[in-house]
Amino acid sequence: MGGFQNFAISFSIICILAGGIGAYGVAFGAGGGGSVGIGWLVGSFFALVVAAAMGQIASAYPTAGGLYHWGSILGGKGWGWATAWINLLGLLFVVSSVNYGVYLLLRDLVLVGIFGMDPESFTGTHLVIAVVLITLTQAYLNYAGIKVTTILTDFSGYLILGTAVILIAGFLFGSSVPLDFSRIVTFTNNTGEPGANMWPQTGSLFFAFVLGLLHVCYTITGFDASAHTSEETRDAQRAVPRGMLTSVFWSAVFGWLLVVAVLLAMPDTAEAAKQGWSVFYWTLDSTSLPSWLKSLLGVAIVIANYLCALAGMTSLSRMIYAFARDGGIPGASKFLRQVSPKHRTPGAAIWVGAALCIVLGLLAGNNEKAYIILASGCAVFLYVSYIMPIGAGLFAEGKSWTKKGPFSLGVWSKPIAVVAIIGGAILAFVGFQEPYQLVGYFLAGTVAALIVIWFTFEKSRFPGPPLTEADVKARQAEIAREEAALGGAG
């Protein structure tokens, strides 16, 4: 991968056409227009700060293990081990949530919107079958080779930008009402019944605004994919931090323009709030865009979401592979670190990752509510895993961490780390508020289980990633032998 391909994989996973559209009602159903216009900017700022702090660490330690290796190097092998499991769960939530979204978008925008099928004819069984098939095809594309995935993620980047620009223009120039820019800074408490019960009723407009941040913190996540593909990226010490930062920045810019354009095009904001999950489709239908263009945009949105989860599968499989390579998965590491001789991809990690995504989706339920539960889990677990190595780096900097890479924050390193930790914690906190408190229980249970398992079994068994010069050389020799066995130069 070159620099653009590394950027494209994170940009594809962020995919403003996924969370930006699918979770739109989460923001508008909280604090109204202010939650959309101002909330997106606030959440994007925190995401950008997190990406900057992670980018500095990635520049110093460009490995496929990404956050897990960083946590081990900066905070000890126990901290790295915990980071690995939380990040792994977050990546499972990414693929599962987006694939649920792919089905819902395919149903609403294509099957119902274009072909006129009866929405009442779709059942939970249809959802489960579709999600399983979607996930398996993504696993196969990842298994077939990194070149295929790279081409598709490159295309996805262009598709997301092109579709977003057309949508922005369509909403602004095809609006059925005069554009009222005051909506961007107008806060309205839409919690409870006024916002189709997207959030329980709260008397605090500020808290409603905080709840609405789930929209952006679910959308702008997954940018650690640039780090997970470090070992497949040229000049990774520069390309990886650049890939993370630019993917977050451009997603923030085009995402804000898109969500604001939808806001400005709403025929009536009070009526829009009542649409709940369907507010985006309802607003799009109200525009004067020709039906053929609406249909084309619907297909493009579905494809972009599919490719978003495809890139997520790439990131997930590399995380499983890297963790297994270091013996982090008891009883299965030897199997999960296998590389296909034919396709030269971590086949076992890919297929097991796909199976786990399917299981997680089934556990969430076979109904539409499962989508936002999975989306909340994605935001919570990923942002927690992001701030873990950043926090370790904050305390290790100037002590055990003295050598940085080409990308360095200099004197701003520690202040940015502090802001990143606070911002990441706020974004994660939003993800398990009622009615999605199940995610919070799951996080608490995970943390408790990790503590028990680590001190009972793994502390004495898990060797951790190679950290000393001798261990690194031994690993390099091991990789060379495996490469030679696969027909490479060794």
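In the block above lies the structure referred to throughout.
Everything numeric in this text was worked out from a predicted model, so none of it was measured. (Residues numbered from 1 in each chain as written. Predicted model: local features only at pLDDT ≥ 70, side-chain atom pairs only at ≥ 80, totals over all residues. Heavy atoms only, no water.)

Quick look at the overall build of the chain
Put simply, the rule reads: Under the DSSP-based scheme used, a helix requires at least four consecutive residues in state H or I and a strand at least two consecutive residues in state E, with every element numbered from the N terminus. Each radius of gyration is computed over the set of C-alpha atoms, and the globule rule expresses the reference value as 2.2 Å times the number of residues to the power 0.38. Exposure categories follow from relative accessible area, calculated using a 1.4 Å probe and restricted to protein chains: below 20% of the type maximum is buried, above 50% is exposed, and the middle band is partly exposed. Only heavy atoms matter for contacts: two residues are in contact if any of them lie within 4.5 Å across the pair.
The number of helices and strands found in the chain is 19 helices and 0 strands. Computed over the C-alpha atoms, the radius of gyration of the chain is 22 Å, within 12% of the 23 Å expected from 2.2 N^0.38 for a compact globule of 490 residues. C-alpha atoms of the chain, sized along the principal axes, occupy 70 × 45 × 40 Å. Put simply, the chain has 490 residues, and 58% of those count as buried. Summarising the internal contacts of the chain: among those between residues at least 6 apart in sequence, 83% fall at separations of at least 24.

Thoughts on the packing of helix H16 (residues 369-396) against helix H17 (residues 413-430)
The relative placement of two packed helices is expressed as an angle between their axes plus a distance between the axes. Filter applied, for reference: Between N-to-C directions, angles cover 0 to 180 degrees, with each direction set by a line fitted to C-alpha atoms, over the stretch in contact for helices. Reported orientations rely on four angle classes, namely roughly parallel under 35 degrees, roughly antiparallel over 145, roughly perpendicular from 65 to 115, and oblique for the rest. Two helices crossing with the near one rotated counterclockwise from the far one by less than a right angle form a left-handed crossing, whereas a clockwise rotation gives a right-handed crossing. Each residue gets one label: Ala, Val, Leu, Ile, Met, Phe, Trp, Tyr, Cys and Pro are nonpolar, Asp, Glu, Lys and Arg are charged, and the others, such as Gly, are polar.
The interhelical angle for the contact between H16 and H17, taken along N-to-C directions, is 155°, at an axis separation of 9 Å. Our classification of the angle between H16 and H17 gives roughly antiparallel. When the axes of H16 and H17 are compared, the crossing they make is left-handed. Along the contact surface, H16 presents Val380, Tyr383, Val384, Ile387, Ile390, Gly391 and Leu394, while H17 presents Lys414, Ala417, Val418, Ala420, Ile421, Gly424, Ala425, Leu427 and Ala428. Taken together, the residues of the contact of H16 with H17 break down into 13 nonpolar, 2 polar and 1 charged.

So, helix H18 (residues 437-461)
Going by this rule: A helix is expected to span 1.5 Å multiplied by its residue count minus one.
In this model, H18 (25 residues) spans 34 Å end to end at C-alpha, consistent with the 36 Å of a helix rising 1.5 Å per residue. By the burial criterion, the buried members of H18 are Val439, Gly440, Leu443, Thr446, Leu450, Trp454 and Glu458.

Side note on the nonpolar core
A general feature of soluble globular proteins is that nonpolar side chains tend to end up buried together. Our working definition: The definition of a nonpolar core used throughout is a set of buried Ala, Val, Leu, Ile, Met, Phe, Trp, Tyr and Cys residues joined through side-chain atoms within 4.5 Å.
Within the largest apolar cluster, 164 residues are counted, with the highest numbers of intra-cluster contacts made by Leu167 and Phe223. Leave out the neighbours within four places in its chain, and Phe223 touches Ser10, Ile14, Ala47, Val50, Ala51, Met54, Met244, Ser247, Val248, Tyr383 and Tyr386.

Section: the packing of aromatic side chains
For the record, the criterion: Only Phe, Tyr and Trp rings are paired, with Trp represented by its six-membered ring, and only when their centres lie within 6.5 Å; those with planes under 30 degrees apart are stacked, over 60 edge-to-face, the remainder tilted. Whether a charge sits over a ring depends on NZ of Lys or CZ of Arg being within 6 Å of the ring centre and within 35 degrees of the ring normal.
The final tally for this structure, using the stated rule, is 25 aromatic pairs. Arranged with centres 5.4 Å apart and planes meeting at 50°, the rings of Phe381 and Phe442 form a pair that is tilted. Here Phe381 is found in helix H16, whereas its partner Phe442 is found in helix H18, with 61 residues between them in sequence. When its relative accessible area of 0% is taken as the criterion, Phe381 is described as buried. A residue is classified by how much of its surface remains accessible, and Phe442, at 35% relative accessible area, is partly exposed. Measuring from ring centre to ring centre gives 5.9 Å for Phe429 and Phe432, while their planes differ by 80°; the resulting arrangement is edge-to-face. By relative accessible area, Phe429 is classed as partly exposed at 35%. Cation over ring: Lys404 sits above Trp401, and NZ or CZ is 5.4 Å from the ring centre.

As for the packing of helix H2 (residues 24-60) against helix H7 (residues 205-212)
At a minimum axis separation of 7 Å, H2 and H7 run at an interaxial angle of 70°. If you check the angle between H2 and H7, you find them roughly perpendicular. Listed contacts from H7 to Val26, Ala27, Ala30, Gly31, Gly34, Ser35, Ile38, Gly39 and Val42 of H2 are Ala208, Phe209, Leu211 and Gly212. Of the residues that constitute the contact of H2 with H7, the class distribution is 8 nonpolar, 5 polar and no charged.

Some thoughts on the environment of Arg481
Mapped onto the elements, Arg481 comes out in helix H19 (residues 469-485). For Arg481, a relative accessible area of 54% corresponds to the exposed category. Here the alpha-carbon distance between Arg481 and Ala23, two residues 458 residues apart in the chain, equals 47 Å.

Comments concerning the environment of Val42
Of note, Val42 is situated in helix H2. According to the relative accessible area criterion, Val42 is partly exposed, its value standing at 28%. Separated by 315 residues in the primary sequence, Val42 and Cys357 have C-alpha atoms spaced 31 Å apart.

Observations concerning the pattern of salt bridges
Two side chains with opposite charge may pair up if their charged atoms get near one another. Condition: One side-chain nitrogen of Lys or Arg within 4 Å of one carboxyl oxygen of Asp or Glu is enough to make a salt bridge.
Evaluation of the coordinates by the stated rule reveals 5 salt bridges. Among the salt bridges present, the one from Asp235 reaches Arg238, with a minimum N-O distance of 3.4 Å. A relative accessible area of 43% places Arg238 in the partly exposed class. Ionic pairing is found between Glu458 and Arg461, a salt bridge with its closest N-O pair at 2.7 Å. With Glu458 and Arg461 both in helix H18 and 3 residues apart, this pair spans about one turn of that helix. For Glu458, a relative accessible area of 3% puts it in the buried group.

Points about unusual backbone geometry
Look at the link from Glu434 to Pro435: it is a cis peptide, with omega at 15°. Assignment of secondary structure puts Pro435 in the loop between H17 and H18. Positioned with a positive phi, Asn197 is a non-glycine residue whose angle comes to about 55°. Relative to the helices and strands, Asn197 resides in the loop between helix H6 (146-173) and H7. Judged by relative accessible area, which is 55%, Asn197 ranks as exposed.

Some remarks on a nonpolar patch on the surface
Rules: Two distance rules govern patches: like charges are joined within 9 Å, and nonpolar side chains (Val, Leu, Ile, Met, Phe, Trp, Tyr) within 5 Å, applied only to residues with over 30% relative accessible area and no salt bridge. Per-residue and other accessible areas follow the Shrake-Rupley method at a 1.4 Å probe size, with only the shown protein chains counted as cover for residues.
Residues Ile114, Phe115, Met117, Phe155, Val299 and Ile303 make up a contiguous nonpolar surface patch of about 530 Å² in total accessible area. Along the polypeptide, Phe155 turns up in helix H6.

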